[in-house]
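Now for the letters of each chain:
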Amino acid sequence: MTTELLRATGLEAGYGRVQVLWGAGLAVGDGETVVLLGPNGAGKTTLLKVLMGLLPAWRGEVRFAERDVTPLRTDHRVRAGIAYMSEIGCFPGMTVDENIRIGGQFVPSARLKARMSELYALFPAIAERRDTLAGSLSGGQRKMVGIAKALASQPRLLIMDEPSAGLSPRLVKEVIQVLDQLGSDGLSLLIAEQNVNFLNLADRVYTLDGGRIGFEGSVAAMHDDDALRRAYFGLK
Ligand code: ATP
């Protein structure tokens, strides 16, 4: 791995008295794309929320850019350079423009203006719809608004929760292409997914099951493991 950007260790967390994460941890290197793979209910969303400070860690530590961010509020983690795209991704009751402005709320206004021009150049389809409510766009366009909103804060690391959710296979391909481009441009990505097509992007993979990390390694190493191959690729 290159220089480490994110490192989470020994995370325990849950809801009320229900524990969901049992000592989970992962790392993302600077410029790396990491895919967190796991079935429904494995705890992927819970883990990402703890990384973002949207849910408190009962135990464990989150470090970002060599700094312990575990005690920091979500907005301070965003200012530190982490962006988060939830499964929904954007606010459907707000226009495209408003969504992106919210994503960039901590960016100085002159810089945000330039940033928005860059983002609209990257996503021409939503540029044409900037005054349209995000909720009335197609699923694929809504996803692009979500990505643009997250990128507006000029993050070093983009954390995404199931970017494939609700998309047709064709649109999933489009999203993968966009993420591939962002990764090539140097953005670090942590993507929680069930869709194995995202493994094409991955420098490294973690599997999460029952709130615990099972496997960590390359996609090739995953293929070499009989149990993982059967579980995730449906192959014998
Ligand atoms: P999915 O792909 O279905 O989103 P996931 O891997 O992201 O799954 P989580 O959403 O983190 O999994 O859920 C992990 C466990 O925590 C599940 O058993 C779920 O029922 C439970 N859970 C999630 N959110 C809450 C909540 N707000 N209150 C109580 N339990 C919750």
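A. Structural context of the sheet that holds strand β10 (residues 212-217). Ordered in space as β6-β7-β8-β3-β9-β10, the 6 strands form an open sheet in which the pairing is mixed. Both edges of this open sheet fall to β6 (82-85) and β10, since each of them pairs with a single strand only. Along the sheet, successive strands turn relative to each other by an average axial angle of 15 degrees, direction set aside. Pairing between strand β3 (residues 33-37) and strand β9 (residues 204-209): 4 bridges, direction parallel. What sits directly across from V34, in β9, is R204. Helix α1 (residues 44-52) contacts β3, β6, β7 (157-161), β8 (188-193) and β9 of the sheet and is inclined by roughly 150 degrees relative to β7.

B. Focus on the site of the ligand. Every residue near the ligand is listed here: Y15, V20, P39, N40, G41, A42, G43, K44, T45, T46, E162 and Q194. A distance of 2.8 Å separates an oxygen atom of the ligand from a polar atom in the backbone of G41. Taking 630 Å² as the accessible area of the ligand by itself, protein coverage stands at 57%. It is α1 that contributes the most residues to the shell around the ligand, 3 residues altogether.

C. Representation of the packing of aromatic side chains. Within the structure shown, the criterion is met by 0 aromatic pairs. Positioned above the aromatic ring of Y120 is the side chain of R130, whose terminal nitrogen or guanidinium carbon lies 4.0 Å from the ring centre.

D. Looking closely at unusual backbone geometry. Non-glycine residue Q154 carries a positive phi angle of around 55 degrees. By the secondary structure assignment, Q154 is in the loop between α6 (139-151) and β7. One non-glycine residue, E162, lies in positive phi territory at about 40 degrees. By the element assignment, E162 lies in the loop between β7 and α7 (169-184). Classification of E162 as buried rests on a relative accessible area of 11%.

E. Up close: the layout of surface pockets. By volume, the largest pocket is sized at about 410 Å³. Residue lining of the largest pocket: 21 residues in total, with T74, V78, Y84, I102 and K149 positioned closest to the centre. For the lining of the largest pocket, the secondary-structure elements that each account for two or more residues are α2 (74-80), β6, α3 (96-103) and α6. The leading source of residues in the lining of the largest pocket is β6, at 4 residues.

Conventions we followed
- Residues numbered from 1 in each chain as written.
- Predicted model: local features only at pLDDT ≥ 70, side-chain atom pairs only at ≥ 80, totals over all residues.
- Heavy atoms only, no water.
- Pairing = 2+ DSSP bridges.
- Helix = DSSP H or I, 4+ residues; strand = E, 2+ residues; numbered from the N terminus.
- Axes fitted to C-alpha atoms, helices over the stretch in contact; angles between N-to-C directions.
- Contact = heavy atoms within 4.5 Å.
- Near = heavy atom within 4 Å.
- Polar contact = N/O pair within 3.5 Å; in protein donor to acceptor, adjacent residues only side chain to side chain.
- Areas by Shrake-Rupley, 256 points an atom, 1.4 Å probe, with all protein chains shown as cover.
- Phe/Tyr/Trp six-rings, centres within 6.5 Å; stacked < 30°, edge-to-face > 60°.
- Lys NZ or Arg CZ within 6 Å of the ring centre and 35° of its normal.
- Buried < 20%, exposed > 50% of the residue type's maximum accessible area, 1.4 Å probe, protein only.
- 1 Å grid on protein atoms, 1.4 Å probe; cavity = no way out; pocket = protein on both sides within 12 Å on 5 of 7 lines; lining within 4 Å.
- Points joined across faces, edges and corners; volume = space filled by probe spheres on them.

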